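Breakdown of the fold
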Amino acid sequence: TMPDSVEVIEHHAVANCGLTDIELPYGLKEIGSMAFMLTRIGMEGKSVHIPNTVERMGIGVFTGCKELRRPMIFSQRYKSEGDCIVDTKTNTIIAVHNGIAGEVLPLIADKIEIMTFYGQNKGTKYFFEDNIKEIKVHSLDMPACIEFPITIVTHEGTYAHKFALEHNIPYEIW
């Protein structure tokens, strides 16, 4: 349990540390990018409850947390849709937390932070709907020498298809 006085969890705060459970305090305002990356949060079926006081979440908050099932989000700005966390203010998928094969990305989002997919099992397929119009690439992304772990499944000629071709990312047409 974190103290109630904690308002910010910094980028990579507890990344890769073996953490299996966490209780976030009411009053928490910000969770940094990849704050819980590669932890074992969600072991034994436990979930994470994100309080409605959270005003900002960075990208890839739960990257590589393969044990985590859908987090409970009580924020007005963020919603849990399938295995994704969506920033409803920007309609952007900012986190994919589980990597279930064949996941269809939520239709309420039309943008994706590419960093959200790092840490997923190699070859995991995600269905990118035709509504995706932007895939954001940031300086936090993995170096080009590291292979992109997922396969994009999309329709021919869509933004996601063109992105996969341009960035040499595995894809399938459906």
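The paragraphs below set out a description of the structure included in this document. (Residues numbered from 1 in each chain as written. Predicted model: local features only at pLDDT ≥ 70, side-chain atom pairs only at ≥ 80, totals over all residues. Heavy atoms only, no water.)

Now for the pattern of salt bridges. As enumerated under the stated definition, the model contains five salt bridges in all. A salt bridge links arginine 77 to aspartate 87, with the nearest nitrogen and oxygen atoms 2.7 Å apart. You can see arginine 77 sitting in the loop between strand S5 (72-73) and strand S6 (78-81) and its partner aspartate 87 sitting in strand S7 (residues 84-87), a full ten residues away along the chain. Given the relative accessible area of 23%, arginine 77 is considered partly exposed. Under the relative-accessibility criterion, aspartate 87 is labelled buried at 5%. Between lysine 111 and aspartate 110 there is a salt bridge, with the nearest N and O atoms lying 2.8 Å from each other. Since its relative accessible area comes to 14%, aspartate 110 is described here as buried. Look at the salt bridges and you will find they share partners, linking Asp110, Lys111 and Lys133 into a network. (Salt bridge = Lys/Arg side-chain N within 4 Å of Asp/Glu carboxyl O. Helix = DSSP H or I, 4+ residues; strand = E, 2+ residues; numbered from the N terminus. Buried < 20%, exposed > 50% of the residue type's maximum accessible area, 1.4 Å probe, protein only.)

Taken together, the side chains of Leu165, Tyr171 and Ile173 present a nonpolar region at the surface, about 260 Å² in accessible area. Its place among the elements puts leucine 165 in helix H1 (residues 159-166). (Patch = residues over 30% accessible without salt bridge, like charges linked within 9 Å, V, L, I, M, F, W, Y side chains within 5 Å. Areas by Shrake-Rupley, 256 points an atom, 1.4 Å probe, with all protein chains shown as cover.)

On to unusual backbone geometry. Residues other than glycine predominantly adopt negative phi, and peptide bonds predominantly adopt the trans conformation. Of note, asparagine 16 is a non-glycine position whose phi angle comes to about 55°, a positive value. Locating asparagine 16 in the fold gives a position in the loop between strand S1 (8-9) and strand S2 (30-31).

Along strand S11 (residues 124-127), the buried face is formed by Thr124 and Tyr126; none of Lys125 and Phe127, which line the opposite face, is buried. Pairing of S11 with strand S13 (residues 150-154), which is carried by four bridges, proceeds in the parallel orientation. Directly across from phenylalanine 127, in S13, lies its bridge partner valine 153. (Pairing = 2+ DSSP bridges.)

As enumerated under the stated definition, the model contains three aromatic pairs in all. The interplanar angle of 10° and the centroid separation of 5.5 Å between the aromatic rings of phenylalanine 36 and phenylalanine 62 together place this pair among those described as stacked. Of the two residues, phenylalanine 36 is situated in the loop between S2 and strand S3 (49-50) and phenylalanine 62 in the loop between strand S4 (56-57) and S5; the sequence distance between them amounts to 26 residues. Judged by relative accessible area, phenylalanine 36 falls into the buried class, the value being 0%. (Phe/Tyr/Trp six-rings, centres within 6.5 Å; stacked < 30°, edge-to-face > 60°.)

A word on the nonpolar core. Core analysis: the biggest nonpolar cluster contains 23 residues, and Leu24, Ile31, Phe36, Ile50, Met57 and Phe62 have the highest contact counts within it. With 19 residues, the next largest nonpolar core counts Val86, Ile93, Ile135 and Ala164 among its residues. (Core = buried A, V, L, I, M, F, W, Y, C linked by side-chain atoms within 4.5 Å.)

For S13, a buried count of five out of five residues is recorded, marking the element as mostly surrounded by other parts of the structure. Burial along S13 is two-sided: Ile150, Ile152 and Thr154 facing one way and Thr151 and Val153 facing the other are all buried. Here S13 runs beside strand S14 (residues 171-173); their pairing, made up of three bridges, is parallel. If you follow valine 153 over to S14, its bridge partner there is glutamate 172. Handedness of the crossover joining S13 and S14 through H1 is recorded here as right-handed. (Right-handed = clockwise from strand over helix to strand, strands pointing away.)

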